[in-house]
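# Summary of the model geometry
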Amino acid sequence: MTTLTLGMVRTKYEIIAYFREFDTLFFTFLFPIIMLGIFSAAFSSQTIGTGPDAINLSTYYLPAMAAAGILLSGVQNLAIAVAQEKSDGTLKTLGGTPLPPLSYFVGKLTSSLLTGAIQLVLLIAFSRFAFGVELPSDPARYLDLLWIYVLGIFACGLLGLALSAVPRTGRSATAVVIPLLLFLQFISGVYLPFSQLPSWMQTLASFFPLKWLAQGMRSVFLPDSFKALEVGHEWNLDQVALVIGAWLVVGLILTRLTFRWIRKDA
């Protein structure tokens, strides 16, 4: 079997294992949908903006939760899962088989791509049918959604693979990964409007991909008048692509340098 074929076989295994774990489903797959439901229900009477471009909180939080879903499906899911597989001996066992590391990576990244896509579709459907969110009618916006999602999920997936080298044990992976990602979500405009954050926090967030993912998603789902709230008063999709693409390269390099079937200090 070729490397790609083995990767596809591994993808099937990864997806089945993913949907069999309740904690992964709740904290990665369903978490953005649940959070959107909480924010929409809690602030159902509030709107943002004025005049014909005023939107409800459900619409405003949809792009933020979409960006958070990419982060969780890529970084959190893979960082914790791979760290646990290193700790429980799964990777050591795989290292003794003919499975190439590249096939393993293909399985992990492709499963994140597919499960993240399902999550995104459900999130959009939930916002539309449960809270009446008006979705964009311009096909160009859905093309933007496609490339932002694909670029973002691969960048986050590679960063998750690289981050899996940090926890010393599988048990400590959750304690290492989740607080870091929560911090990024708070400074990147996921739970709080980015334009209302302190300038130093905005500057710090601009070094990380989540801020740009959220900005890209806002360009898809929010009226164009809301770009006035962005830094530079533009969506800056070229910069979104540049920064996320740079993090994809960083993740690829770090994964190549740090990945081992077993820990060096094991």
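Residues numbered from 1 in each chain as written. Predicted model: local features only at pLDDT ≥ 70, side-chain atom pairs only at ≥ 80, totals over all residues. Heavy atoms only, no water.

When you go through the protein residue by residue, the secondary structure sums to eleven helices and two strands. Ordered by position from the N terminus, the helices and strands of the protein form the series α-α-α-β-β-α-α-α-α-α-α-α-α. In summary, the protein has a C-alpha radius of gyration of 19 Å against a globular reference of 18 Å for 266 residues, a match within 12%. Principal-axis analysis of the C-alpha atoms places the extent of the protein at approximately 65 × 35 × 30 Å. (Helix = DSSP H or I, 4+ residues; strand = E, 2+ residues; numbered from the N terminus. Rg over C-alpha atoms; globule rule 2.2 N^0.38 Å.)

This part covers the side chain of Arg-10. Within the element layout of this structure, Arg-10 appears in helix α1 (residues 3-20). The residues contacting Arg-10, other than those within four sequence positions of it, are Glu-85, Leu-94, Leu-99, Ser-103, Tyr-104 and Gly-107. (Contact = heavy atoms within 4.5 Å.)

Right, let's get into the packing of aromatic side chains. Each aromatic ring pair is specified by the distance between its two centres and by the angle formed by the two planes. Evaluation of the coordinates by the stated rule reveals 17 aromatic pairs. Taken together, a centroid distance of 5.8 Å and an interplanar angle of 85° make the contact between Tyr-60 and Tyr-61 edge-to-face. A ring pair is formed by Tyr-104 and Trp-261, whose centres lie 5.6 Å apart and whose planes are at 70°; its orientation type is edge-to-face. Of the two residues, Tyr-104 is situated in helix α6 (residues 101-131) and Trp-261 in the segment after α11 (237-258); the sequence distance between them amounts to 157 residues. Under the relative-accessibility criterion, Tyr-104 is labelled buried at 0%. An aromatic cluster is defined as three or more aromatic residues linked by ring pairs; in this entry it consists of Phe-39, Phe-43, Tyr-60, Tyr-61, Phe-186 and Tyr-191. One residue, Lys-211, lies across the ring of Trp-212, its end atom 3.5 Å from the ring centre. (Phe/Tyr/Trp six-rings, centres within 6.5 Å; stacked < 30°, edge-to-face > 60°. Buried < 20%, exposed > 50% of the residue type's maximum accessible area, 1.4 Å probe, protein only. Lys NZ or Arg CZ within 6 Å of the ring centre and 35° of its normal.)

Per the UniProt entry, the sites bearing "transmembrane region" (unreviewed entry) are residues 25-48, 60-83, 104-126, 146-166, 173-194 and 240-259 in this numbering. The straight-line gap between the two end C-alpha atoms of residues 60-83 is 35 Å; of that span, 100% is helix and 0% is strand. Within residues 104-126, the helical portion is 100% and the strand portion 0%, while the C-alpha atoms at the span's ends are 33 Å from each other. (UniProt positions renumbered as here; feature names shortened; annotations may be inferred.)

This part is about the nonpolar core. Burial of nonpolar side chains together is a common tendency in soluble globular proteins. Counting residues in hydrophobic clusters, the biggest one holds 56 residues, and the most contacted among them are Tyr-61, Met-65 and Met-217. Contributions of two or more residues to this core are made by α3 (31-42), α4 (57-87), α6, α7 (139-163), α8 (170-187), α9 (199-205), α10 (209-221) and α11. Considering every element that reaches this core, the biggest residue donor is α4, with 15 residues. Look past the residues within four positions of Tyr-61 in its chain and what remains in contact with it is Leu-36, Phe-39, Val-190 and Tyr-191. In terms of nonpolar packing, the next biggest core, distinct from the first, is built from twelve residues, Val-82, Leu-94, Leu-99 and Leu-109 among them. (Core = buried A, V, L, I, M, F, W, Y, C linked by side-chain atoms within 4.5 Å.)

Look at α6: 44 Å from first C-alpha to last across 31 residues, which is about the 45 Å you get at 1.5 Å a residue. At the C-terminal side of α6, Gly-132 shows a positive phi close to 65°. (Expected span 1.5 Å × (residues − 1).)

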